[in-house]
Amino acid sequence: VDPAGEAAEGAPGRALVLADPLLRPGAAGVLAAADGRGGALPPLPSSRAEARYLERLFAASGRPVDVLVGDAASLAALEDRAPGARFLHLATHGFHGSPGEPYDASLLLAGDPARLTLDDLVRTWRGRLARCDLVVLSACDTRRGVRVGASSIALPWGFFFAGAPRVVATSWQVEDEAAALLMARFYENLLGRHDDARRAGARALEPGRPAPTALALLEAKRWLRDADRRAVREASARLGLEGGSGTRGAGAGEPRAAAGLRPYADPYFWGAFVLVGAAE
């Protein structure tokens with residue numbers, strides 16, 4: 001994506017945010033995802049704080065926003081409310097497909113069935129996101145796909161098929177709290193909801209002016225990489241983060257925030273998020 005592209009203009013448009021779905025162990029898809037890919041799936045409290053912070057940012061920007069968390073963050077609600085949304089943000093557990101079942105890549109949501117799969121998107125979502133400018137998959141492994149020839153089959157394919165021109169997705173598992181911090185900064189940049197001087201490479205991000213998506217993401221990643229402990233504490237307080245989060249997938253052994261000056265300097269925490277799709 002061309003980072004020099006300009007931010008989209010026009011009517012504000014509606015945002016739809018789903019986060020921290022209540023996963024019922026017996027629901028279709030939840031048991032298979034948990035047992036087949038690494039054990040029990042934890043709740044994602046930082047994703048819920050992330051969603052509430054985005055709600056405030058969108059409201060302050062004069063944009064209508066629907067935020068669904070817990071039981072309300074269901075597949076049925078997503079399918080009902082996604083058409084017509086300009087921004088779609090999903091903060092949940094994500095899983096990549098397998099060589100034998102590449103279209104099994106999925107996101108977990110509340111309800112039964114509880115999985116939105118790449119197969120579902122390709123089969124039934126055609127045109128549903130025709131008015132959407134951006135989909136953000138704030139979950140583990142959402143860009144990690146299965147290689148077929150020169151292509152990689154992954155979840156963004158399905159959202160492109162549904163009509164979205166660009167998707168922010170992740171190349172590996174992401175830590176819940178770090179993802180919330182990065183996403184908060186990203187949307188501050190995207191919506192122009194900041195009053196301090198910020199830079200993304202050679203480009204200045206002006207206070208009060210929405211930034212192009214690529215630059216908004218680049219600045220957020222560099223901020224998280226370079227943020228000292230004080231900056232992290234202040235940002236965490238704004239979001240209401242409580243700590244103790246796990247990953248937005250199923251796995252163990254990932255790096256933990258460092259005890260040094262820059263707790264999220266390791267690329268594991270900020271490098272996974274990438275923008276794919278059409279230039280703005």
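The rules behind each value
- Residues numbered from 1 in each chain as written.
- Predicted model: local features only at pLDDT ≥ 70, side-chain atom pairs only at ≥ 80, totals over all residues.
- Heavy atoms only, no water.
- Pairing = 2+ DSSP bridges.
- Helix = DSSP H or I, 4+ residues; strand = E, 2+ residues; numbered from the N terminus.
- Axes fitted to C-alpha atoms, helices over the stretch in contact; angles between N-to-C directions.
- Contact = heavy atoms within 4.5 Å.
- Buried < 20%, exposed > 50% of the residue type's maximum accessible area, 1.4 Å probe, protein only.
- 1 Å grid on protein atoms, 1.4 Å probe; cavity = no way out; pocket = protein on both sides within 12 Å on 5 of 7 lines; lining within 4 Å.
- Points joined across faces, edges and corners; volume = space filled by probe spheres on them.
- Nonpolar A, V, L, I, M, F, W, Y, C, P; charged D, E, K, R; others polar.

Another aspect to go through is the sheet that holds strand β7 (residues 134–138). Strand order across the open sheet formed by six strands is β2-β1-β3-β7-β10-β13, with mixed pairing between neighbours. A single partner strand is all that each edge strand has here, and the edge strands are β2 (65–70) and β13 (273–277). Adjacent strand axes in the sheet meet at a mean angle of 15° when their direction is disregarded. In the sheet, β7 pairs with strand β10 (residues 166–170) via two bridges, with the strands oriented parallel. Residue pairing in the sheet places Val 135 in a bridge with Val 167 of β10. In the packing of helix α6 (residues 176–191) onto the sheet, contacts are made with β3 (85–91), β7, β10 and β13, and the angle to β7 comes to roughly 165°. Packing against the sheet, helix α7 (residues 213–226) makes contact with β7, β10 and β13, and its axis sits at approximately 170° to β13.

The element β3 is largely enclosed, with a buried count of seven among its seven residues. In terms of strand pairing, strand β1 (residues 14–21) meets β3 through six bridges, oriented parallel. Following the sheet pairing, Leu 18 is matched in β3 by Leu 90. Direction of pairing for β3 relative to β7: parallel, over a ladder of five bridges. Following the sheet pairing, Leu 88 is matched in β7 by Val 135.

We now examine empty space enclosed by the protein. Taken as a whole, this structure holds two cavities of 30 Å³ or more when the rule is applied. One number sums up the size of the second largest cavity: a volume of about 40 Å³. Secondary structure elements with two or more residues in the lining of the second largest cavity: α6 and α8 (229–239). The element contributing the most residues to the lining of the second largest cavity is α6, with four residues. Classifying every residue of the lining of the second largest cavity by side-chain character gives five nonpolar, no polar and three charged.

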